[in-house]
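Commentary on secondary and tertiary structure
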Amino acid sequence: MSPGARRILIPLIVAGLALGVVLLMVLARSGAESPADENTPPAVEPAETPSDTTSPPTTPGDEPAGDGDGVADPDAGEPASPAPASTFYVARAPDRGTRGHATPPATLGSLDPQVAQARIEFSRAGAGIAKVTFSDIWASARARHLAAEHREALAAGDTPETPLPPDELRYVLQETQTLRNRRWPQGLDIPVLAANQLELNGQRVNLFDYNRAGADDAEVYIWAETAPGVFETEIFDDADALVLRVTRSFTLGDDYGIELQQRLENLTPHTHRIKWMQYGPSSLPLERSRYMDRRRFRFGYLPDPEQYPNRDIVLAEDNDLLLERNDVVKRWQKAQEALAAGEPAEEFFTLWPNRTSRDRNYELSWFGSTNRYFAIAVHPPLVGGQVADRSLADHVEQILEEVSDPDPTDTRQEQKVVFTYLVSPERTIAPEATFALDVGVYAGPLDRHVLGAADGPYRTLAMDKLILYQMSSMCAICTFQWLAHGLLGFLTLLDKYVLFDWGLAIVGLVLVVRTLLHPLTKKTQVNMQRFGKQMSAMKPELDKLQKKFPNDPKRMQQEQLRLMREHGVNPLQMLGCLPMFLQTPIWIALYAMLYFAFDIRQEPAFFGIFQVISGGAWPFLADLSAADHFFGEFASPRKFLLWNITGINVLPILMGAIFFVQQKYMSPPPSPTMSEDQLRQQKMMKVLMVIMFPLMLYSAPSGLTLYILTSSTIGIFESRYIRAHVEEMDLKPKPKKTRTPAGGRKKPKDAQGRAYAEALARMEQKRKLKKSGPPKKYKKRR
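Each chain carries its own residue numbering, running from 1 in the direction its sequence is written. Restriction of local features to residues with pLDDT of at least 70 applies here, the model being predicted, together with a cutoff of 80 or more for giving and counting side-chain atom pairs; totals for whole chains, interfaces and linings are based on all residues. Side-chain calculation: all heavy atoms of the structure are included, whereas hydrogens and water are not.

Quick notes on the overall build of the chain
Strands are runs of DSSP state E lasting at least 2 residues, helices are runs of H or I lasting at least 4, and numbering of each runs from the N terminus. Looking only at helices and strands, one finds 17 helices and 28 strands in the chain. The criterion used for residue contact is that any of the two residues' heavy atoms lie within 4.5 Å. Residue pairs in contact within the chain that sit at least 24 positions apart in sequence constitute 71% of those at least 6 positions apart. Per-residue and other accessible areas follow the Shrake-Rupley method at a 1.4 Å probe size, with only the shown protein chains counted as cover for residues. Carbon together with sulfur atoms contributes 57% to the accessible area of the chain, which is approximately 39,700 Å² in total.

Structure follows, in structure tokens:
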């Protein structure tokens, strides 16, 4: 071969070999399966994990000093080279998973209220929280009272006669829950806020549970505990070279706060693209004394920057963003049906961003899960106990959902658990830099004194809006939050400074409301009595009209109204239920407030006298936020139709008896003009009110039944007083009205009378028009 040919052929061969190596690397990266993906449990991965999301231009703050924000800056000199291609990445504990895993991780906090507000237990699965137990919040009223007596004896220097209740009776906010559904039929135990996975340079890295890759027969755990509440893992590439070190550190703060520091340290001279995914707040457990299931998912958000350019306000009032847990479960089930039918269902899996947040240009500030009295929420990290940034968008871009059936034999919706996933935006970590994904966590009661404290961080983030006195989204328009807050403030005033007891405070509220409404109540009842006597006096003439117009109901009605007008009878006098209508908003607001107010949880009525005389054995009115339990409390709630029965109650039965007395002895006599059908309907309504109200409120908070029972009892004595006053009044029918000299009728002075007179005039005009026909100018020409 000539030298010229060799000079041409050799470069071509080298170029071909180089091109072949490049093609092999590309094919290996795109087609090879990662061992990490093989060992990632299918149920850990959400059903829809968006991979085409773009990261916003902002970068996370509050990074460690000296490391910057860990985000590669394209303008800072020569850009760093990207990481070399790797077929897979694997996460392993720094000690290779062989040290200390036989013992559980250390705990944070304490069950001593003098030391901490809660105790946190951890799990190595995803370096998450295994259990959050409060130190001074108890699951039952009896346990709380026994603990209070024990502490009071210790504070007085005496030997407590009452032992401290066992730790099992302390309230557990959240603990490891089982994810079991069609994709994970055997079940998977998931700790709270556990790490799920990391997307590194386009490859998924399993960060949950253990990873068998590289082990013979032993389990190689991913996370190692380096200190109490501190966990660490290391990520290696396919050449077993160390790429990243990931650290999760939990710290207990004040006011039920937890600071979660998450750091990703780049240990290579190359840039890396990362996207973080972890479990978020899941649905909280049901309250034992629940009357209904009102677990919710709530969002705080920064409004549209075009309207609020300063970004110094957080809102949470948009009812379109209030997600009832039951609605989320139904939406998931509908999505499963759609997927089974081969239809797209991506929108069903995404809690945030949603249609409302996109249309109104909201930016996420916090996300929380609540039940009746408690909440767990993630929010921007605090700096020195104060809010540095009101936005969580740099840390959480998407929130996904997945629903589990923890018990395959129990198909009730209330037993289903909603798991959430927090997905970060995609970021690029600079060489040898540390990237922070810190978040703050609130894990505590829905206490207005904590969440609504002036100058507190939770008030700044509008997390006091987690407290919502609302029975359902359908009742949002009829439940006035300002009224519920006002009632709670007034009851608190009576309890702390006037009556010193919540039960007496509710009775005091009844007296105040009844006193304010007494003038209106008296006027309406007097009018009802006058109307009844006037209609009785007119009965002979009404009977004549019925005989005269037996087959013409319209003419009968017109003549009846004419007769009533001539006798000075005003039908609007029958508005005797107006005071009850005016009290209805108070009842609704009081109902919601008594059901959700943490202040009244496990508070006894009348200084706990029923517990004092029984040595604590009688649970009657021991908890105004639960049913009264006159005949005892069941060991476990029992489901009967729509009711969650926790004991045998007496206040609803007494309330039905009081309603019966009101209906039988205090209602005005029926009007002589009422037909047989109307009389039957009225009788049926009375029976329904006596029976249905006690049934509907059987498991309601005893504070509400105490309010209604007290108000109805006082109403009976008030009605007797008004009836005695009416007996002394002259309620004889007034003489017929004379016409004015101009031929017209005198106009009544009161507004009701004027409206009544105008209605009669219109009816008379229509009658004359119908009798005489339309005006001549409108008649058809022949």
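Observations concerning the sheet that holds strand S4 (residues 128–138)
In short, DSSP must find at least two bridges between two strands for them to pair. Strand order in the open sheet made by the four strands is S2-S3-S4-S5, with antiparallel pairing throughout. Since the sheet does not close on itself, it has two edges, and those belong to strand S2 (108–109) and strand S5 (170–175), each with one partner.

A word on the packing of helix H9 (residues 502–537) against helix H10 (residues 539–548)
Angle between the axes and distance between the axes: these two values describe a pair of packed helices. To obtain each axis, a line is fitted to C-alpha atoms, and for helices this fit is confined to the stretch in contact; angles are then taken between N-to-C directions over 0 to 180 degrees. Direction vectors running N to C along H9 and H10 enclose 60°, while the axes themselves pass 5 Å from each other. Taken together, H9 and H10 sit at an angle that is classed as oblique. Listed contacts from H10 to Met535, Ser536 and Ala537 of H9 are Lys539, Pro540 and Leu542. Along the lines of polarity and charge, the residues of the contact of H9 with H10 split into four nonpolar, one polar and one charged. Relative orientations are named as follows: roughly parallel for angles under 35 degrees, roughly antiparallel for angles over 145 degrees, roughly perpendicular for angles from 65 to 115 degrees, and oblique for any other angle. The classification used treats Ala, Val, Leu, Ile, Met, Phe, Trp, Tyr, Cys and Pro as nonpolar, Asp, Glu, Lys and Arg as charged, and all other residues, Gly among them, as polar.

A look at the nonpolar core
With 132 residues, the main nonpolar core has Leu198, Met593 and Tyr707 as its most contacted residues. Considering each element in turn, this core owes the most residues, 10 residues, to helix H12 (residues 578–596). The contact partners of Met593, leaving out residues within four places of it in the chain, are Tyr469, Ala484, Leu487, Leu488, Leu491 and Ile600. Counting residues in each nonpolar core, the second largest holds 14 residues, with Met277, Leu400, Val417 and Tyr421 among its members. Here, the term nonpolar core denotes a set of buried Ala, Val, Leu, Ile, Met, Phe, Trp, Tyr and Cys residues that are joined through side-chain atoms within 4.5 Å. Relative accessibility thresholds used throughout: buried, under 20% of the residue-type maximum; exposed, over 50%; partly exposed, between the two (1.4 Å probe, protein chains only).

What to know about the packing of helix H8 (residues 481–498) against H9
Following both chains from N to C, one finds H8 and H9 inclined at 120°, their axes separated by 9 Å at the closest point. In terms of axis orientation, H8 runs oblique to H9. Crossing of H8 against H9: the hand is right-handed. Each of Leu487, Leu488, Phe490, Leu491, Thr492, Leu494 and Asp495 in H8 lies in contact with H9, whose residues at this interface are Trp502, Ala505, Ile506, Gly508, Leu509 and Val512. For the contact of H8 with H9, a count of residues per class yields 10 nonpolar, two polar and one charged. Left-handed describes a crossing whose near helix is turned anticlockwise from the far helix by less than a right angle; the clockwise case is right-handed.

Some words on the packing of aromatic side chains
In this scheme Phe, Tyr and Trp rings, the latter by its six-membered ring, pair at centre separations within 6.5 Å, and the angle between planes marks the pair as stacked below 30 degrees, edge-to-face above 60, and tilted otherwise. With the rule as written, the count across this model stands at 25 aromatic pairs. Considering the side-chain rings of Phe297 and Phe367, the 6.0 Å spacing of their centres and the 10° angle between planes classify their relative orientation as stacked. One end of the pair, Phe297, is in strand S15 (residues 296–302); the other, Phe367, is in strand S18 (residues 363–370), with 70 residues separating them in the sequence. Both residues of the pair, Phe297 and Phe367, count as buried.

Focus: helix H4 (residues 325–340)
Helix span, as expected, comes to 1.5 Å for every residue beyond the first. When the terminal C-alpha atoms of H4 are compared, their 23 Å separation across 16 residues agrees well with the 22 Å that a helix rising 1.5 Å per residue should span. By the burial criterion, the buried members of H4 are Arg325, Val328, Val329, Trp332, Ala335, Gln336 and Ala338. Looking at the buried positions of H4, the neighbouring elements they touch are S15, strand S16 (323–324), strand S17 (350–352), strand S22 (398–404) and strand S23 (417–423). Remark: Gly342 follows H4 within two positions and exhibits a positive phi of approximately 80°.

Examining the pattern of salt bridges
Any Lys or Arg side-chain nitrogen found within 4 Å of a carboxyl oxygen on Asp or Glu counts as a salt bridge. Following the criterion strictly, the structure yields 22 salt bridges and no others. The salt bridge partner of Arg245 is Glu234, with a shortest N-O separation of 3.4 Å. Highlighted residues: Arg245 in strand S12 (residues 242–252) and Glu234 in strand S11 (residues 230–236), separated in sequence by 11 residues. Look at the salt bridges and you will find they share partners, linking Glu232, Glu234, Arg245 and Glu265 into a network.

What about the pairing of strand S14 (residues 272–279)?
Within S14, seven of the eight residues are buried, which leaves it mostly tucked inside the rest of the structure. Looking at chain direction, strand S8 (residues 195–200) and S14 are connected through five bridges and run antiparallel. Pairing of Gln197 across the sheet is with Met277, part of S14. Note: S14 against strand S24 (residues 427–429), three bridges, orientation antiparallel. Directly across from Ile274, in S24, lies its bridge partner Arg427. Sheet analysis places S14 next to S23, joined by three bridges and oriented antiparallel. Within the sheet, the bridge partner assigned to Met277 lies in S23 and is Val423.

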